[in-house]
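Structure assessment
Each chain is listed here by its residues.
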Amino acid sequence: QVQLAESGGGLAQAGGSLRLSCAASGRTFSSYAMAWFRQAPGKEREFVARIMWGSGITSYADSVKGRFTISRENAKNTVYLQMNSLKPDDTAVYYCAAGPRVLPTTYRYDYWGQGTQVTVSS
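So, a few notes on the structure that sits alongside this text.

So, how was this worked out
- Residues numbered from 1 in each chain as written.
- Predicted model: local features only at pLDDT ≥ 70, side-chain atom pairs only at ≥ 80, totals over all residues.
- Heavy atoms only, no water.
- Helix = DSSP H or I, 4+ residues; strand = E, 2+ residues; numbered from the N terminus.
- Buried < 20%, exposed > 50% of the residue type's maximum accessible area, 1.4 Å probe, protein only.
- Disulfide = S-S within 2.5 Å.
- Polar contact = N/O pair within 3.5 Å; in protein donor to acceptor, adjacent residues only side chain to side chain.
- Contact = heavy atoms within 4.5 Å.
- Pairing = 2+ DSSP bridges.
- Core = buried A, V, L, I, M, F, W, Y, C linked by side-chain atoms within 4.5 Å.

A word on the environment of Val-48. Secondary-structure assignment places Val-48 in strand β5 (residues 46-52). Since its relative accessible area comes to 1%, Val-48 is described here as buried. Separated by 14 residues in the primary sequence, Val-48 and Asp-62 have C-alpha atoms spaced 8.6 Å apart.

In this section: the state of the cysteines. Counted by the stated rule, this structure contains 1 disulfide. With a sulfur-sulfur separation of 2.0 Å, Cys-22 is cross-linked through a disulfide to Cys-96. Where Cys-22 bonds to Cys-96 through sulfur, the torsion about that S-S bond is close to -80°, and the disulfide is left-handed. Residue Cys-22 is located in strand β3 (residues 18-26), and its partner Cys-96 is located in strand β9 (residues 92-103); the two are separated by 74 residues in the primary sequence. A relative accessible area of 0% places Cys-22 in the buried class.

Moving on, we come to the side chain of Arg-67. For Arg-67, the position within the fold is in the loop between β6 (58-60) and β7 (68-73). Engagement of the side chain of Arg-67 in a polar contact is seen with the side chain of Asp-90, the distance being 2.8 Å. Filtering out sequence-adjacent residues up to four positions away, Arg-67 remains in contact with Gln-82, Met-83, Asn-84, Ser-85, Leu-86, Lys-87 and Asp-90.

Here the focus is the pairing of strand β12 (residues 116-121). The side chains of a regular strand alternate between both faces of the sheet. Every second residue of β12 is oriented toward a common face, the buried set being Thr-116, Val-118 and Val-120 and the non-buried set Gln-117, Thr-119 and Ser-121. Summarising the sheet, strand β2 (residues 10-13) and β12 pair through 4 bridges and their orientation is parallel. Note that in β12 the partner of Gln-13 across the bridge is Ser-121. Bridge count between β9 and β12: 3 bridges; the pairing is antiparallel. Within β12, the position partnered with Ala-92 by the bridge is Val-118.

Grouped together as the largest cluster of nonpolar side chains are 30 residues, with contacts concentrated most on Leu-4, Met-34, Trp-36, Leu-81, Met-83 and Tyr-94. Secondary structure elements with two or more residues in this core: β1 (2-7), β3, β4 (32-39), β5, β7, β8 (78-83), β9 and β12. In contact with Met-83, other than residues within four places in its own chain, are Gly-16, Ser-17, Leu-18, Leu-20, Arg-67, Phe-68, Tyr-94 and Val-118. Among the nonpolar cores identified, the runner-up in size contains 7 residues, and Met-52, Ala-97, Tyr-107 and Tyr-109 belong to it.

Let us now look at the environment of Leu-18. Along the chain, the position of Leu-18 falls in strand β3. Leu-18 sits in the buried class, given a relative accessible area of 14%. Residues Leu-18 and Met-83, spaced 65 residues apart in sequence, show a C-alpha to C-alpha distance of 5.2 Å. Excluding residues within four positions of it along the chain, Leu-18 makes contact with Gly-8, Gly-10, Ala-12, Leu-81, Gln-82, Met-83, Leu-86 and Val-118.

Shown next as structure tokens:
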């Protein structure tokens, strides 16, 4: 079992920054993907960013490229999402997820955190 706990959400103004953290406990594997998703009110959950735990290879949604950076600190079993140049459209509950890649473009996110609220004012 893997447990994930997000922190770092809060209120920011447009153009500002926040850093989210996802602390993992329990068994993890070097082949795992660690990802951030978000869900805004009335919207479907959407992918934000992913990092492969072992290699550090990253991937981003087009909407956040150039503004958000995902990273990991292996010794602390922690993944971060640095969010810069925030926009009101970034307002959402942000979730951390973890799991293996099962197909070239498919990941099985078996583990999820509780979510942390990010609100960006205009």
